[in-house]
Amino acid sequence: MSDARAITELAKRRGFFFGANEAYGGVAGFYTFGPEGAALKRNVESAWRDRFTVREGNDEIEAPTIAPEPVFEASGHLDGFDDMLVECGECGESHRADHLIEDASDVEEAESLPIPEVEDLVAEYEVACPSCGAPLAGRSIEEFNLMFETAIGPGSGQRGFLRPETAQGIFVEFPRLKEYARNTLPFGITQIGRAYRNEISPRKGIVRTREFTQAELEQFVDPDDDDPPLERVADVSLRLYPAPEQEDGEGSEIPRATGEAGDGGYVEATVAEAVEEGIVTSEWVAYYLGVAREWYERIGVDMDRFRFRQHLAGERAHYAADCWDAESEVGGAADDPEDPTDGDWIEIAGFASRGDYDLSKHAEHGDDDFTVFEQYDDPRTVERAVVDPDMSVLGPEFGGRAGDVADALRDLAERDPDAFEGETVTVAVDGEDVTVESEVANFRIEEQTEAGEHVTPYVIEPSFGVDRTVYTLIAHAYGHDEVDGEERTYLSLSPEVAPTDVAVFPLVSDDALEALADEVVADLRRAGLSVAHDDSGNIGRRYRRQDEVGTPLSVTVDHESVESEPGTVTVRDRDTTAQVRVPVDDLAAALESVLESGESFDRLLERYDPVDTDVTRS
């Protein structure tokens with residue numbers, strides 16, 4: 001188990017991550033990933049790409065991180081991408097009010113509460129400024145937009161913003177992306193990249209920063225015809241924390257998979273059960289919960305410290321039919337694994353059913369087609385309302401607005417044909433009601449033969465925080481034990497994501513040992529393994545350094561390697577410190593069997609001669 005201080009200290013000392021620009025005093029919310037952290041992060045991204053892009057048959061793009069203002073006006077970020085800010089009247093420091101409430105009380109997800117209620121809670125719990133201790137009761141709480149603004153081009157230029165999520169780059173390019181997908185639904189587009197949010201109070205290392213990496217999938221589906229391949233994950237077991245279970249711990253009308261009523265705790269159910277019992281209402285969301293659960297376990301997340309939490313009504317986006325977060329416990333202080341309120345839980349991914357909100361908004365503001373034309377198997381004859389306005393009348397009466405009036409009449413005919421039954425019809429143009437005689441509108445119902453229809457796809461979005469996943473992996477892999485009379489700290493990282501596959505050590509400074517070690521390093525790198533070559537300090541310290549950064553295997557070239565058992569080396573397992581002697585000719589294959597095939601180190605113990613000690617001193 002670990003806490004935030006231990007992780008931060010290890011991360012800085014061993015080169016996982018540390019505050020950026022410290023030579024100039026640093027700025028909160030910005031971190032540099034060191035050599036170990038960058039490698040770990042890169043491996044997490046590769047594992048995500050393998051599962052959510054390659055294995056799902058999706059395509060990946062890379063969009064710019066800056067977009068012009070109209071993109072975010074259409075998406076709603078200019079008006080609704082806010083956090084609650086409270087400013088201290090004594091020291092002038094700004095803080096995120098909902099976080100202060102959560103820290104000072106047992107209130108969870110305070111961001112879902114309205115501002116007046118948060119102001120009342122600040123007073124009730126006598127919340128004080130974390131910087132100077134001054135009381136914050138009575139201070140007004142304001143909405144603060146989180147986007148970074150910039151200018152595109154010289155001078156004042158065109159107003160633009162750094163993207164707060166990678167998703168908009170996919171939505172904006174939908175008209176072209178649908179062509180690459182041959183205008184066939186469903187299809188998915190993924191993107192891994194940087195996003196930016198001007199957080200009020202960054203905290204907890206890389207958990208809440210102002211620049212971070214997201215891995216997102218936008219799955220475009222026909223809401224009427226496209227179903228997910230639910231059978232692939234039907235039996236995957238999920239630990240769910242539904243919204244009713246979160247409300248005051250007073251229970252839920254949602255039945256558990258066991259048939260019992262909820263009691264404010266977890267619901268354990270398979271994906272199939274969660275759908276059948278209505279716990280997860282969207283089959284597509286349920287499918288990706290199952291896929292994500294398997295993926296998180298694959299890369300080394302501790303499933304006893306992992307759950308899916310449903311958004312409460314107040315925190316769910318207005319356009320989202322349902323939304324669940326993947327959350328991990330990272331504090332190491334949870335005493336009761338069955339108590340959802342126990343421990344330090346952070347969001348590491350979100351799964352939302354976004355409907356057609358995104359594409360409809362961009363269709364409304366943009367100049368392109370954000371629908372997909374789906375051809376029928378056989379042409380269909382349908383009745384359509386048609387308006388063919390008499391422009392010889394509209395022109396003289398409305399002048400330059402005549403075209404807008406005609407368009408408004410056509411739109412009304414599609415929405416409400418009955419509106420044309422009277423002698424006149426009224427439409428709104430630029431916020432003003434305009435009345436036209438029905439004869440001038442030339443309204444009629446026609447039979448038309450159609451080959452297909454234009455569909456605005458719905459969007460299913462699994463969105464992953466890469467930095468937070470890295471933090472979770474370190475927290476869950478962090479361990480202590482004692483080896484050869486010495487206390488050891490180690491990271492039990494999955495070989496798939498560990499920064500380095502194997503470390504190679506010459507036991508002592510000796511020309512023959514160092515020459516063989518160089519050969520071993522070269523051979524393993526040619527085999528495609530990531531290899532660290534360390535000849536500094538005694539062998540025990542070198543083992544400890546590699547254990548602490550999560551290197552799964554270590555190879556030691558010792559005196560036996562060139563004397564009594566020439567052409568052999570010892571291979572040591574990080575977690576158990578067990579060792580075996582392996583011929584150099586077998587080495588690459590033996591290591592790959594553990595690293596890539598998932599074979600246990602016990603198989604090497606069965607196949608090769610064991611070495612009895614974990615040497616800590618040369």
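The structure we're discussing is the one just above.
I will try to describe carefully the structure that is included in this document. (Residues numbered from 1 in each chain as written. Predicted model: local features only at pLDDT ≥ 70, side-chain atom pairs only at ≥ 80, totals over all residues. Heavy atoms only, no water.)

1. Overview of the packing of aromatic side chains
Thinking step 1. Inspection of every chain in the model, using the stated rule, returns 25 aromatic pairs.
Thinking step 2. With a centroid separation of 4.9 Å and an interplanar angle of 55°, the aromatic rings of Phe 52 and Phe 464 are classed as tilted. You can see Phe 52 sitting in helix H2 (residues 35-54) and its partner Phe 464 sitting in strand S23 (residues 458-465), a full 412 residues away along the chain. Accessibility assignment for this pair places Phe 52 and Phe 464 in one class, buried.
Thinking step 3. Seen in terms of ring centroids, Phe 171 and Phe 220 are 6.4 Å apart; in terms of plane orientation they differ by 75°. Their pairing is edge-to-face. Here the residue Phe 171 occupies a position in helix H7 (residues 167-172), and Phe 220 occupies one in strand S11 (residues 211-221), the gap between them amounting to 49 residues. Accessibility assignment for this pair places Phe 171 and Phe 220 in one class, buried.
Thinking step 4. Here the aromatic cluster, defined as three or more aromatic residues joined through ring pairs, consists of Trp 48, Phe 52, Trp 295, Tyr 296, Phe 306, Phe 308, Phe 351 and Phe 464. (Phe/Tyr/Trp six-rings, centres within 6.5 Å; stacked < 30°, edge-to-face > 60°. Helix = DSSP H or I, 4+ residues; strand = E, 2+ residues; numbered from the N terminus. Buried < 20%, exposed > 50% of the residue type's maximum accessible area, 1.4 Å probe, protein only.)

2. Observations concerning the environment of Gln 158
Thinking step 1. Relative to the assigned elements, Gln 158 resides in strand S9 (residues 158-162).
Thinking step 2. Note: C-alpha distance between Gln 158 and Pro 68 (90 residues apart in sequence) is 7.1 Å.
Thinking step 3. When near neighbours in sequence (up to four residues on either side) are disregarded, Gln 158 contacts Pro 68, Thr 150, Ala 151 and Ile 152. (Contact = heavy atoms within 4.5 Å.)

3. A word on the pattern of salt bridges
Thinking step 1. Per the counting criterion, the structure on display carries 43 salt bridges.
Thinking step 2. With a closest N to O distance of 2.9 Å, Asp 50 and Arg 298 form a salt bridge. Of this pair, Asp 50 sits in helix H2 while Arg 298 sits in helix H11 (residues 283-299), and the two are 248 residues apart along the sequence.
Thinking step 3. One network of salt bridges, in which partners are shared, links Asp 83, Arg 96, Asp 98, Glu 111, Glu 199 and Arg 208. (Salt bridge = Lys/Arg side-chain N within 4 Å of Asp/Glu carboxyl O.)

4. Topic: the pairing of strand S20 (residues 424-429)
Thinking step 1. Burial along S20 is one-sided: the residues Val 425, Val 427 and Val 429 are buried and none of Thr 424, Thr 426 and Ala 428 is.
Thinking step 2. Judged from the 6 bridges that link them, S20 and strand S21 (residues 432-437) form a sheet pairing that is antiparallel. Residue pairing in the sheet places Thr 426 in a bridge with Thr 435 of S21.
Thinking step 3. Taking the residues that link successive antiparallel strands as the turn, the S20-S21 hairpin has 2 residues, and the phi of Asp 430 there is positive, at about 55°. (Pairing = 2+ DSSP bridges.)

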